[in-house]
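Examination of the molecular architecture
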Amino acid sequence: MTMQSKKQKSLAAKLGDNMKLYGVDEALQTLRDLKTTKFDETVEVALNLGVDPRHADQMVRGMVTLPSGTGKDVKVAVFARGDKAEAALAAGADKVGAEDLMEDMLAGNLDYGRVIATPDMMGVVGRLGKTLGPKGLMPNPKLGTVTPNVAEAVKAAKGGQIEFRVEKAGIIHAGIGKMSFTDAAIRANFDAFVDAIVKAKPAGAKGKYLQKVALSSSMGPGLKLDVALIHAG
């Protein structure tokens, strides 16, 4: 017990240095050493970007597939009819429908992580703009959530694909796995996520794009990473 106490004190002292910049692997190990909760915390990454999303040419948004998955069960709703509806169900969609699904959502049943639609269903889905829009669930062809291939979209959502979108202050944050994942699995997800953000650099971005990056766990501190070790962008 005394050894653990010394270890905690040592880590607390290390965290007291707010100027310290961590490598990704070192930050992850520090979060593991500091973990005191019994539940499986989410590993989260936050990036400060050199963009002003109020300008259309500086918006950063897209999808990325995390190679190690997210560790979460994503509930998926699909707007489709006929063969497409059957294909969505076969791919693992949690709810599939048309006008009935729209009415269900308007009634407040919105416990979904992803909403997908076939192009011909957008007339129905369009009536949900004020319902799905604020939750970031509105199907969008640019994100691959309006597609004739709903089965593929469902499998992607269930298999570790996440959406990213820059917020007002130029920040993007996302969960990239669970603490129960191996270091290699989390690192693979981290690299894929950051790489997707770098590739999504908008034309209007000026100056340094990746300004700050931090790694944290659900209940742990945010550890600042050395951007120079991540990407030159």
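Relevant structure appears above.
Residues numbered from 1 in each chain as written. Predicted model: local features only at pLDDT ≥ 70, side-chain atom pairs only at ≥ 80, totals over all residues. Heavy atoms only, no water.

What follows covers the overall build of the protein. Check the secondary structure of the protein and you find eight helices and nine strands. Along the longest, intermediate and shortest principal axes, the C-alpha atoms of the protein span 65 × 45 × 30 Å. Out of the 233 residues in the protein, the part that is buried amounts to 44%. Counting contacts in the protein only where the partners sit at least 6 residues apart, residues at least 24 apart contribute 71% of the total. Entry remark: accessible area of the protein is about 12100 Å², with carbon and sulfur atoms responsible for 53%. For the protein, the distance from the average position of its 32 positive side-chain charges to the average position of its 26 negative side-chain charges is 6 Å. (Helix = DSSP H or I, 4+ residues; strand = E, 2+ residues; numbered from the N terminus. Buried < 20%, exposed > 50% of the residue type's maximum accessible area, 1.4 Å probe, protein only. Contact = heavy atoms within 4.5 Å. Areas by Shrake-Rupley, 256 points an atom, 1.4 Å probe, with all protein chains shown as cover. Lys, Arg positive; Asp, Glu negative; His and termini not counted. Charge placed at Lys NZ, Arg CZ, Asp CG, Glu CD.)

The strand order across the open sheet built from three strands is β4-β3-β5, with neighbouring strands paired in parallel fashion. Since the sheet does not close on itself, it has two edges, and those belong to β4 (95–97) and β5 (114–117), each with one partner. Going from strand to strand, the sheet's axes swing by 15° on average, the running direction of each strand aside. As paired elements, strand β3 (residues 76–79) and β4 share three bridges and run parallel to each other. Along β4, the bridge assignment pairs F79 with G97. (Pairing = 2+ DSSP bridges. Axes fitted to C-alpha atoms, helices over the stretch in contact; angles between N-to-C directions.)

L47, L49, I172, I176, F190, F193 and L215 are the most contacted members of the largest nonpolar core, which totals 37 residues. Of all elements in the fold, only α2 (24–34), β1 (42–49), β6 (161–165), β7 (171–178), α8 (183–199) and β8 (210–217) reach the threshold of two or more residues within this core. Looking at this core, the element that brings in the most residues is α8, giving eight residues. For F190, the contacting residues outside a window of four places in its chain are V24, V45, I176, V213, L215, L225 and I230. A77, M102, Y112 and L128 belong to the second-largest nonpolar core, a separate cluster that totals 16 residues. (Core = buried A, V, L, I, M, F, W, Y, C linked by side-chain atoms within 4.5 Å.)

Further remarks concern the packing of aromatic side chains. Counting across every chain of the model gives one aromatic pair. Between K20 and the ring centre of Y22, over which it is positioned, the NZ or CZ distance is 4.7 Å. (Phe/Tyr/Trp six-rings, centres within 6.5 Å; stacked < 30°, edge-to-face > 60°. Lys NZ or Arg CZ within 6 Å of the ring centre and 35° of its normal.)

This paragraph deals with the packing of α2 against α8. As a packed pair, α2 and α8 sit with axes 11 Å apart at the nearest point and diverge in direction by 130°. By the criterion of interaxial angle, the relationship of α2 to α8 is oblique. As α2 packs across α8, the resulting crossing turns out to be right-handed. Residues V24, D25, L28, Q29 and R32 of α2 lie in contact with α8, whose contacting residues are D183, I186, R187 and F190. (Parallel < 35°, antiparallel > 145°, perpendicular 65-115°, else oblique. Left-handed = near helix turned anticlockwise from the far one by under 90°.)

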